[in-house]
Amino acid sequence: MTPDEIGRRMDGHLARTEVDREEAFLHSPKIHNHAPFLAFLPDGSLACAWFAGTLEGKSDISIHLSTLAPGSSTWSETVQVSDDPERSEQNPMIFVRPDGGVSLFHTAQPSGNQDESRVRERPLTLENGKIASGPAHDLGLAAGTFIRATIVRRDDGAWMLPLFLCNPRPGARWTGTHDTAAVAISSDEGANWSVIDVPQSHGCVHMTIVPLDGNEMVAFYRRRQADFVYRSTSRDGGRSWTAPEATDVPNNNSSIAAVRLADGRVALLCNPVSSATSSDRRESLYDELGEEDHRPNAEGGIKPIWGVPRAPLTLCVSTDGGRTFPLRRVVEDGFGTCLSNNSLDGRNHELSYPALLEDGEGSLHIAFTFHRRAIKYVRLAKGWIDGDPK
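Residues numbered from 1 in each chain as written. Predicted model: local features only at pLDDT ≥ 70, side-chain atom pairs only at ≥ 80, totals over all residues. Heavy atoms only, no water.

Draft legend 1. Expanded view of the environment of Glu-299. As for its position among the elements, Glu-299 is in the loop between β22 (266-270) and β23 (313-318). By relative accessible area, Glu-299 is classed as exposed at 69%. C-alpha separation for the pair Glu-299 and Arg-260, spaced 39 residues apart in sequence, amounts to 38 Å. (Helix = DSSP H or I, 4+ residues; strand = E, 2+ residues; numbered from the N terminus. Buried < 20%, exposed > 50% of the residue type's maximum accessible area, 1.4 Å probe, protein only.)

Draft legend 2. Spotlight on the pairing of strand β2 (residues 21-25). Of all five residues in β2, five are buried, a share of seventy percent or more. Going residue by residue along β2, you find Arg-21, Glu-23 and Phe-25 tucked away on one face and Glu-22 and Ala-24 tucked away on the opposite face as well. With three bridges connecting them, strand β1 (residues 15-18) and β2 associate as antiparallel partners. Paired with Arg-16 across the bridge in β2 is Glu-22. Where β1 hands over to β2, the hairpin turn is made up of two residues, counted between the paired strands. (Pairing = 2+ DSSP bridges.)

Draft legend 3. The arrangement of the sheet that holds strand β19 (residues 228-234) in detail. Strand order in the open sheet formed by four strands is β17-β18-β19-β20, and the pairing between neighbours is antiparallel. The open sheet has two edge strands with one neighbour each: β17 (204-211) and β20 (245-250). Going across the sheet, the axis of each strand differs from the next one's by a mean of 30°, ignoring polarity. Pairing geometry for strand β18 (residues 217-223) and β19, over five bridges, is antiparallel. The residue bridging Ala-219 from the neighbouring strand is Ser-232, located in β19. (Axes fitted to C-alpha atoms, helices over the stretch in contact; angles between N-to-C directions.)

Draft legend 4. Broad picture of the environment of Ala-39. Within the secondary structure layout, Ala-39 lies in strand β3 (residues 32-40). Along the backbone, Ala-39 and Phe-51 are twelve residues apart, and their C-alpha atoms lie at a distance of 15 Å. The contact partners of Ala-39, leaving out residues within four places of it in the chain, are Ser-45, Leu-46, Ala-47, Ile-94 and Leu-357. (Contact = heavy atoms within 4.5 Å.)

Draft legend 5. Focus on the side chain of His-365. Position of His-365 relative to the elements: it lies in strand β26 (residues 364-370). Within the structure, His-365 has its side chain in polar contact with the side chain of Asp-359 (distance 2.8 Å). Here His-365 is in contact with Leu-38, Phe-40, Leu-46, Ala-355, Leu-356, Leu-357, Asp-359, Tyr-377, Val-378 and Arg-379, once residues within four sequence places are set aside. (Polar contact = N/O pair within 3.5 Å; in protein donor to acceptor, adjacent residues only side chain to side chain.)

Draft legend 6. Main features of the packing of aromatic side chains. By the definition in use, this model includes eight aromatic pairs. Judged by centre distance (5.2 Å) and plane angle (35°), the rings of Phe-146 and Phe-164 are tilted. Of this pair, Phe-146 sits in strand β12 (residues 145-146) while Phe-164 sits in strand β14 (residues 159-165); the two residues are 18 residues apart in sequence, bridging distant segments of the chain. Across the pair, exposure class does not vary: Phe-146 and Phe-164 are buried alike. An aromatic cluster of at least three residues, connected via ring pairs, comprises Phe-95, Trp-159 and Trp-193. Sitting over the face of the ring of Trp-384, Arg-329 holds its NZ or CZ atom 4.2 Å from the ring centroid. (Phe/Tyr/Trp six-rings, centres within 6.5 Å; stacked < 30°, edge-to-face > 60°. Lys NZ or Arg CZ within 6 Å of the ring centre and 35° of its normal.)

Draft legend 7. Geometry of the sheet that holds β26. Read across the sheet, five strands follow the order β1-β2-β27-β26-β25 without closing on themselves; strand pairing throughout is antiparallel. Taken across any chain shown, the strands that pair with only one partner, and hence form the sheet edges, are β1 and β25 (351-358). Strand-to-strand, the axes of this sheet are offset by a mean angle of 25°, without reference to chain direction. With seven bridges joining them, β26 and strand β27 (residues 374-380) adopt antiparallel strand pairing. Note that in β27 the partner of Ala-367 across the bridge is Tyr-377.

Draft legend 8. Layout of the pattern of salt bridges. Applying the stated criterion across every chain yields a total of 30 salt bridges. Arg-265 is the salt-bridge partner of Asp-263, the closest N and O atoms lying 3.0 Å from each other. On the basis of relative accessibility, which here comes to 49%, the residue Asp-263 falls in the partly exposed class. Here Arg-347 makes a salt bridge to Glu-288, at a shortest N to O gap of 3.8 Å. Remark: Glu-288 occurs in the loop between β22 and β23 and Arg-347 occurs in the loop between β24 (327-332) and β25; sequence separation between them is 59 residues. (Salt bridge = Lys/Arg side-chain N within 4 Å of Asp/Glu carboxyl O.)

Here you go:
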């Protein structure tokens, strides 16, 4: 599809395309739409938040949000819920607090300087089917802190917020060379935070925590080196983590989503391709911003790889706690070309940055970036994973 064709389909209406599949392109008044996040709200609505504007890194990038009411066949009109005119507001995450309140967490950075990012939180309210946001406050985490995945509650009630740290190098430009993983811990429901590092995690970002049984948890990581999805474990309820190790799922230095299904299996949604399977490369994530920056690139650390295609979008399923993923089903396929972030010239064909939820009836809810032009939503019926629609 061309960007114009995609734009004409962005009406939020759910259409059944197969017996076990429904899909929609969400409303958006913006031309650049990326990085969706899904969450169920206390009233049963499904919320999708993402960032939108003209180009990732531009100061007109803000967080937008749409909802799908229970029983509805159409997503709501999109609402802008962040408002910093000086920073690119990215990577939204919605968290339903234990008291029933809803918080929106997101990042905010000047231009492409991820090492100057701040993590912010603001309340969300839903009244008469309409959503609104309150004022933002800074979490007080170090500059260069980023988020992507949801908060997980520890056995003592503490909140665990997965982080990746861009680890600034004074006088040098961020390129991803020194990124590491960490977890922010709050024992007072978000008022204060401390940070524990994941050991030997250079290049491991977008940490996603999946609780298993008892005190065991696993975490999965996107890799800047574009080789494999990595995995680490905790056997003390998230208080400490092992060094990440490679799984059998390739990774292209693009985002992942992971959940534990009701049947006990672990589902990982990602683009299972790597730098070993493609020669496509680009200089950096923000090489199109056109903003002068005469600083040298940061040196040392690892060598990030950018530009590996972001497709197909594949659901990978594990029966051994995420060590191996032998069952894989393609959710969406395409060229995956991502040598440009431009959403209007037709060069970008990525199917990336997925969000994944399972509801109480066993249906899977998926949202992802479609060619940087739109956010696409897919609902898969129970049994789809095993080719057995219910």
